[in-house]
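Topology and contacts: notes
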Amino acid sequence: MDHVLLFLKAAGIGLAVAAPVGPMSLLCMRRTLTQGPRWGLATGAGIAVGDAIYAAVAALGLAGVSAFVLAWEKQLHLAAGLFLIWLGLKTFFTKDTDKPAEVAAVASVSAAFLGSVMLTLTNPPTIVMFAAVFTALAPSSGFDPIVAAVTVLGVLCGSLAWWVGVVAVVSGVRHALGRKVRLWIDRVAGVVLAVLGADQIRRA
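Here we summarise the structure given alongside this text. (Residues numbered from 1 in each chain as written. Predicted model: local features only at pLDDT ≥ 70, side-chain atom pairs only at ≥ 80, totals over all residues. Heavy atoms only, no water.)

Here we look at the side chain of Ser 25
Position of Ser 25 among the secondary structure elements: in helix H2 (residues 23-35). According to the relative accessible area criterion, Ser 25 is buried, its value standing at 6%. Beyond its immediate sequence surroundings of up to four residues, Ser 25 is in contact with Ala 18, Pro 20 and Trp 163. (Helix = DSSP H or I, 4+ residues; strand = E, 2+ residues; numbered from the N terminus. Buried < 20%, exposed > 50% of the residue type's maximum accessible area, 1.4 Å probe, protein only. Contact = heavy atoms within 4.5 Å.)

Given below as structure tokens:
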């Protein structure tokens, strides 16, 4: 029973981490709208896995990994910023097409997943947050591998549940939008992604 409650707490934390609107939220929604739910789910799953990896690092107390990530924080912000700017420009200049987006997207769903994992991992402060989470949830007697595993699983499931919900909602309105509306969404999303990328570089 204690492990069930721990799982629910961790799932709530994973949900809370995923919920704030940011570049990854925008990316997931944009891909769902313009390319289909498979791309949206791949993006959301990648974000959830990235969160779970950081949660696992914090849970296992991998000080060396944590120190390395935090030592390279500026470089990671720079890499994330450049990637977001590139993605924003690519999104902005997307051309309207009659070709179904799902057909064009089939070969790149795995790339969307892996890219989302890597982009999530370029946010080093996340590991500090999860370290605080595990400090609060860990038993006072010390490290417990079962507690760590349950907590990481909870974070993964909570984050994934959020992204599944986002994709489901966005997919529901996707077919009600015409191609021109989706094209304008690309324009707006491209500008916002580029601005968020510039902010990442400013923080580097």
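A closer look at the nonpolar core
For soluble globular proteins, the rule of thumb is that nonpolar side chains tend to be buried together. Residues Met 24, Leu 27, Cys 28, Leu 119, Trp 163, Val 166 and Leu 193 are the most contacted members of the largest nonpolar core, which totals 17 residues. At the level of secondary structure, the elements contributing two or more residues to this core comprise H2, helix H5 (73-92), helix H9 (145-174) and helix H10 (179-203). Per element, the largest residue contribution to this core is five residues, and it comes from H2. Every residue in contact with Leu 119, bar those within four places of it in the chain, is listed here: Met 24, Leu 27, Ala 80, Phe 83 and Leu 84. If you look at the next biggest cluster of nonpolar residues, it comprises 14 residues, including Ala 52, Ala 55, Val 57 and Ile 127. (Core = buried A, V, L, I, M, F, W, Y, C linked by side-chain atoms within 4.5 Å.)

Thoughts on the layout of surface pockets
Each pocket or cavity is described by its volume, and for the second largest pocket that value is around 500 Å³. Looking at the second largest pocket, it is lined by 23 residues, and the ones nearest its centre are Gly 22, Pro 23, Met 24, Asn 123 and Thr 126. Sorting the residues of the lining of the second largest pocket by element identifies helix H1 (2-18), H2, helix H3 (37-60), H5, helix H7 (109-121) and H10 as the ones contributing at least two each. Sorting elements by how many residues they give to the lining of the second largest pocket places H10 first, with four residues. Looking at the lining of the second largest pocket, its residues break down into 12 nonpolar, eight polar and three charged. (1 Å grid on protein atoms, 1.4 Å probe; cavity = no way out; pocket = protein on both sides within 12 Å on 5 of 7 lines; lining within 4 Å. Points joined across faces, edges and corners; volume = space filled by probe spheres on them. Nonpolar A, V, L, I, M, F, W, Y, C, P; charged D, E, K, R; others polar.)

Remarks on the packing of H1 against H9
Where H1 contacts H9, the two axes come as close as 6 Å, and the packing angle between them is 45°. When the interaxial angle is binned, H1 and H9 end up oblique. Between H1 and H9 lies a crossing whose hand is right-handed. Residue-level contacts link His 3, Leu 6, Phe 7, Ala 10, Ala 11, Gly 14, Leu 15 and Ala 18 of H1 to Ile 146, Val 147, Val 150, Thr 151, Leu 153, Gly 154, Val 155, Cys 157, Gly 158, Ser 159, Trp 162 and Trp 163 of H9. Residue classes in the contact of H1 with H9 are distributed as 14 nonpolar, six polar and no charged. (Axes fitted to C-alpha atoms, helices over the stretch in contact; angles between N-to-C directions. Parallel < 35°, antiparallel > 145°, perpendicular 65-115°, else oblique. Left-handed = near helix turned anticlockwise from the far one by under 90°.)

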